[in-house]
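Residue-level structural notes
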Amino acid sequence: QVQLVESGGGLVQAGGSLRLSCVASGFIFSDYTMGWFRQAPGKEREFVASISFSGGSTYYWLSVKGRFTISRDNAKNTVYLQMNSLKPEDTAVYYCNADQGPLATMYRRTTTYQYWGQGTQVTVSS
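Conventions and cut-offs
Counting of residues starts from 1 at the beginning of each chain's written sequence and follows it residue by residue. Only residues with pLDDT of 70 or above have their local features reported here, since the model is predicted, and side-chain atom pairs are shown and tallied only from 80 upward, although totals for entire chains, interfaces and linings are computed over all residues. The side-chain numbers reported here are obtained from all heavy atoms of the structure, hydrogens and water having been left aside. Only rings of Phe, Tyr and Trp enter the pairing, Trp through its six-membered ring, and a pair is recorded when the two centres are within 6.5 Å. The plane angle decides the type: under 30 degrees is stacked, over 60 is edge-to-face, the rest tilted. Under the scheme applied here, a residue whose accessible area is under 20% of the maximum for its type counts as buried, over 50% as exposed, and between as partly exposed, the area being computed with a 1.4 Å probe on protein chains only. Labels follow the DSSP assignment, with helices taken as runs of H or I lasting at least four residues and strands as runs of E lasting at least two, numbered in each case from the N terminus. One bridge is not enough; two strands pair if DSSP finds at least two bridges between them. Between N-to-C directions, angles cover 0 to 180 degrees, with each direction set by a line fitted to C-alpha atoms, over the stretch in contact for helices. Salt-bridge detection follows one rule: a side-chain nitrogen of Lys or Arg within 4 Å of a carboxyl oxygen of Asp or Glu. When two cysteine sulfur atoms lie within 2.5 Å, the pair is treated as a disulfide.

This next bit is on the packing of aromatic side chains. Applying the stated rule across the entire model yields twelve aromatic pairs. Between F27 and Y32, the aromatic rings sit 4.9 Å apart at their centres with planes inclined by 65°, giving edge-to-face as the arrangement. For F27, a relative accessible area of 16% puts it in the buried group. Judged by relative accessible area, which is 22%, Y32 ranks as partly exposed. Seen from their ring centres, Y95 and W116 are 5.7 Å apart, and the 70° between their planes marks the pair as edge-to-face. Residue Y95 is found in strand β9 (residues 92–99), and its partner W116 is found in the loop between β9 and β10 (120–125); the two are separated by 21 residues along the sequence.

Here it is as structure tokens:
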């Protein structure tokens, strides 16, 4: 049974940083591309970043490129999202997910996942 447990969110001032974690279980973590997504109030869930199964390749949505860094630790079944220079528009619930498709097109599969964890709330004040 797939489980994804996100944590690390909180309230931070604009310009601040947070590090999110997602612990996965129920599948062979090192065989899967991992991604972070977010959903702001009243908006659709959107793709943020993805990382290849080995961690050697990453892909970022334009709005976060240069500010966020995705990484993973396959020994801990965990994917991370380091968020720097946070902006109020980054306020959202952040989720992770996994699949075996190409990391550069994970954004196209945002609406296809049947399972989502509970997410972690990130609030950036101005």
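Looking now at the sheet that holds β10. Across the sheet, which stays open at both edges, the six strands sit in the order β2-β10-β9-β4-β5-β6 with mixed pairing between neighbours. Two strands close off the open sheet at either side, each with one partner strand: β2 (10–13) and β6 (58–60). Each neighbouring strand pair of the sheet contributes to a mean axis angle of 25°, computed without reference to strand direction. Relative to β10, β2 is paired through four bridges, and the arrangement is parallel. Counterpart to L11 in the pairing with β10 is T123.

Let us look at the sheet that holds strand β1 (residues 3–7). Pairing is antiparallel across the open sheet formed by four strands, whose spatial order is β1-β3-β8-β7. With one partner strand each, in any of the chains shown, β1 and β7 (68–73) form the two edges of the open sheet. Across the sheet, the mean angle separating the axes of adjacent strands is 15° when strand polarity is ignored. Here β7 runs beside strand β8 (residues 78–83); their pairing, made up of six bridges, is antiparallel. Its bridge partner being in β8, R72 is matched across the sheet by V79.

Attention now moves to the pattern of salt bridges. Scanning the model with the defined rule gives four salt bridges in all. The shortest N-O distance in the salt bridge between R38 and D90 comes to 2.9 Å. Placement of R38 in strand β4 (residues 33–39) and of D90 in the loop between β8 and β9 is noted, with a sequence separation of 52 residues between them. Three or more residues joined by partner-sharing salt bridges are found here, namely R38, E46, R67 and D90.

The alternating pattern of β1 places L4 and E6 on a buried face and Q3, V5 and S7 on a face that is not buried. In this structure, β1 lies alongside strand β3 (residues 18–25), joined through five bridges in antiparallel fashion. By the bridge assignment, Q3 is partnered in β3 with S25.

Before going further, it helps to examine the state of the cysteines. Scanning the model with the defined rule gives one disulfide in all. Disulfide partner of C22: C96, at an S-S distance of 1.8 Å. Taken together, the positions of C22 in strand β3 and C96 in strand β9 put the pair 74 residues apart, joining distant regions of the chain. C96 carries the same exposure label as C22, and that label is buried.

Read these as geometric descriptors, not functional statements.
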